[in-house]
Amino acid sequence: MKDDESVELMKQWQAGDEQAAEIMFNRYVNRLVGLARTRLSGQMKRRVEPEDVVMSAYRSFFRKAGDGQFTLGETGDLWKLLAAITMNKVRGQVEFHTAKKRGISAETSVGGKSEFRVRPEVVADEPSPEDAAAIVEELEAVMQGLDATQRRILELSLQDMSETEISAEVQRSGRTVRRTLLQIRSDLETRLQG
């Protein structure tokens, strides 16, 4: 099957053909899992399964595609779209799991083995998987409202780049980067509280 047939598959699925959805899923699932796996560190893979990230990406894709939020026009658009959604999901998981109270640094090795334990106070405030998924979904919604530069600033921030590094990368002042990140954080908090 050629990539340009993705456009037709999307139309068929939007018209109610569940087999088209299955074809779209099967066509890219292994590549997406491989992509997610390469973007997660060894420590992160102990917390996040690449397969779960991809399943979340597909849920978002099918929900938004069903609402007509995506259109495919060129060869390869479906792969590009699914890869972008998957990468956003990976970034969301990395951000979530590297937050200070849940940080990977809170894990300690036991006797040099690959086992780890987490301090009890870290687990006590851990959100449920449903809450974590909701946070990631809200982050994606906020990202859709950003222009290309703002989105790039957020993506670089989620990769733990400093404001100085982000400023150099996007060729904007440190003040602009700082204000952009504060506005995004405020928007996300507002959405989460609402």
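Residues numbered from 1 in each chain as written. Predicted model: local features only at pLDDT ≥ 70, side-chain atom pairs only at ≥ 80, totals over all residues. Heavy atoms only, no water.

### Notes on the side chain of Lys-64
Examined against the element boundaries, Lys-64 turns out to sit in helix α4 (residues 50-66). Ignoring sequence-local partners within four residues, the contact set of Lys-64 consists of Gln-69, Phe-70, Glu-140 and Gln-144. (Helix = DSSP H or I, 4+ residues; strand = E, 2+ residues; numbered from the N terminus. Contact = heavy atoms within 4.5 Å.)

### A short note on helix α1 (residues 5-14)
Within α1, the full set of buried residues consists of Ser-6, Val-7, Leu-9, Met-10 and Trp-13. Viewed along the axis of α1, the buried residues span an arc of 165°, placing them on a single side of the element. On its buried face, α1 is in contact with α2 (18-39), α4 and α5 (77-97). Of the residues one or two after α1, Gly-16 is the one with positive phi, at around 110°. (Buried < 20%, exposed > 50% of the residue type's maximum accessible area, 1.4 Å probe, protein only. Arc of directions from axis to C-beta.)

### Details of the packing of α2 against α4
For the pair α2 and α4, interaxial distance at closest approach is 9 Å and the crossing angle is 140°. When the axis of α2 is compared with that of α4, the two are oblique. For the pair α2 and α4, the crossing hand works out as right-handed. Of the residues in α4, those in contact with Ala-21, Met-24, Phe-25, Tyr-28, Val-29, Leu-32, Val-33, Ala-36 and Arg-37 of α2 are Pro-50, Glu-51, Val-53, Val-54, Met-55, Tyr-58, Phe-61 and Phe-62. Of the residues belonging to the contact of α2 with α4, the class tally is 15 nonpolar, no polar and 2 charged. (Axes fitted to C-alpha atoms, helices over the stretch in contact; angles between N-to-C directions. Parallel < 35°, antiparallel > 145°, perpendicular 65-115°, else oblique. Left-handed = near helix turned anticlockwise from the far one by under 90°. Nonpolar A, V, L, I, M, F, W, Y, C, P; charged D, E, K, R; others polar.)

### Focus on the environment of Leu-32
Along the chain, Leu-32 turns up in helix α2. Separated by 25 residues in sequence, Leu-32 and Ala-57 have C-alpha atoms that sit 9.2 Å apart. Sequence-distant contacts of Leu-32, defined by excluding residues within four places in its chain, comprise Val-54, Tyr-58, Trp-79, Leu-82, Ala-83 and Thr-86.

### Topic: the pattern of salt bridges
Applying the stated rule across the entire model yields 5 salt bridges. The residue Glu-51 makes a salt bridge to Arg-37 at a minimum N-O spacing of 2.9 Å. Within this pair, whereas Glu-51 is found in helix α4, its partner Arg-37 is found in helix α2, the two being separated by 14 residues in sequence. Given a relative accessible area of 36%, Arg-37 falls into the partly exposed group. The partner of Glu-155 in a salt bridge is Arg-91, with the nearest N and O atoms 3.7 Å apart. Of the two residues, Glu-155 is situated in helix α8 (residues 148-158) and Arg-91 in helix α5; the sequence distance between them amounts to 64 residues. Relative accessible area serves as the criterion here: at 15%, Glu-155 is assigned to the buried category. One salt-bridge network, in which partners are shared between bridges, spans Arg-91, Arg-152, Glu-155 and Glu-169. (Salt bridge = Lys/Arg side-chain N within 4 Å of Asp/Glu carboxyl O.)

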